[in-house]
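In case you want the letters, here they are:
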Amino acid sequence: MTPFWVYFAARPLLWIVLTLVVFIFARWLHKRLGGLSVFHPVLISILVLVALLSLTGTDYDTYFEGAQFIHFLLGPATVALAVPLCDYFDRLRQIWLPVLVASLCGVITAIISASGIAWLLGAGDKTILTLAPKSVTSPIAIGIVEKIGGYPSMAAGLVLMTGILGCVLAPFVFRLFRIEDDVARGFALGMSAHGIGTAYAFGISAAAGAFGGLAMGIAGLLTSFLLPLLVSLFGF
C-alpha cells in the first residue's frame, strides 16, 4: 500500500464520498437489472464497501469517521417519514382499528418467531435477546438490546439483514398471496423490514411509503414497551 493511499484513506471525506458513489452505482445497477429485489441497492452497497475496506486494509473506525455524517441523518430521516402520512390522514382514520390490530400481531409475531426459532436451535440467552427486536429500526433495536442485556453490535447487523431479506422476499410474498393494495404492501414492508422496507415501499407508491413509515414507527414503539415485559415474564 503506497504512502499516498495510507494518507488519503485516513481522510473522512474519502469514505463519505465513496459511500455515496457506491450507493448511486448500486441504484443504477438495480434499475439496469430490471429492479430485481435480489439486487437491492443496500445489499450491493454493503458488498462493494466491505470489499473496498478489505482490499485497502481500512478498519471500521476509520471508515466511520467519514460515514458518521450519513449516520447522523438517520434520525432526522426517520422522523421525516411522518410527513407523507399527513396526505393520507383521512384514510388512516377509516382503518385505525385494523392498523392497530395488525401492528400488535406483527410485533408479537416478530418477537416470538425469532426468539422461538433461536431457542429451538440452541442459541444462548443473550443471542435470543439480541434477535428479539430485529424487525425495528436500528437506533431503537440497539437501545432495546442494551437495556435487556443482548449484544448491541450484533443487533445492528441483524436489523440490517432483516431489512434486506424483507425487501428481497416481499415481492414473492405479495404475488403468492395476491396482495395488490399499496397501503397493505407498504404497511407490511414497514412492519417487517423497518427503514429499508419503508424506502422500498416509497418505490411502490407514495401511499405505500407513508404507511410503511407509520408501521415502522408503531413497531418501534410497541416493541420498546412489550419486549422488556416479555423478557421479565419469561425470566431471561
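Source: prediction; values computed, not measured. (Residues numbered from 1 in each chain as written. Predicted model: local features only at pLDDT ≥ 70, side-chain atom pairs only at ≥ 80, totals over all residues. Heavy atoms only, no water.)

**Digging into the UniProt feature "transmembrane region" (unreviewed entry) in the chain**
Residues annotated in UniProt with the feature "transmembrane region" (unreviewed entry) correspond here to residues 6–26, 38–57, 69–89, 96–121, 154–174, 186–208 and 214–234. Counting secondary structure, residues 186–208 comes out at 87% helix and 0% strand; the distance between its end C-alpha atoms is 4 Å. End C-alpha atoms of residues 214–234 are separated by 29 Å, and the span's content is 100% helix alongside 0% strand. (UniProt positions renumbered as here; feature names shortened; annotations may be inferred. Helix = DSSP H or I, 4+ residues; strand = E, 2+ residues; numbered from the N terminus.)

**As for the environment of L160**
With respect to the helices and strands, the residue L160 is situated in helix α11 (residues 152–176). Sequence separation between L160 and I196 is 36 residues; the distance between their C-alpha atoms is 8.1 Å. Excluding its chain neighbours within four sequence positions, the residues that come into contact with L160 are V42, I46 and I196. (Contact = heavy atoms within 4.5 Å.)

**Some remarks on the pattern of salt bridges**
A pair can form between side chains of opposite charge whenever their charged atoms are brought close. Within the structure shown, the criterion is met by 2 salt bridges. Across the salt bridge formed by D90 and R93, the nearest N and O atoms sit 3.0 Å from each other. Of this pair, D90 and R93 both sit in helix α7 (residues 89–94), 3 residues apart, roughly one helical turn. On the accessibility criterion, R93 (54% relative accessible area) is exposed. One salt bridge in this structure joins R91 and D181, with 3.9 Å as the shortest N-O distance. Placement of the pair is R91 in helix α7 and D181 in the loop between α11 and α12 (182–202), with a sequence separation of 90 residues. For D181, a relative accessible area of 37% puts it in the partly exposed group. (Salt bridge = Lys/Arg side-chain N within 4 Å of Asp/Glu carboxyl O. Buried < 20%, exposed > 50% of the residue type's maximum accessible area, 1.4 Å probe, protein only.)

**Considerations on the nonpolar core**
In terms of nonpolar packing, the biggest core is built from 23 residues, with L92, I148, F187, M191, L214 and L227 touching the most fellow members. Those elements that place two or more of their residues in this core are α8 (96–120), α10 (138–148), α12 and α13 (206–234). It is α13 that contributes the most residues to this core, 8 residues altogether. Every residue in contact with F187, bar those within four places of it in the chain, is listed here: V99, A102, S103, F211, G212, L214 and A215. (Core = buried A, V, L, I, M, F, W, Y, C linked by side-chain atoms within 4.5 Å.)

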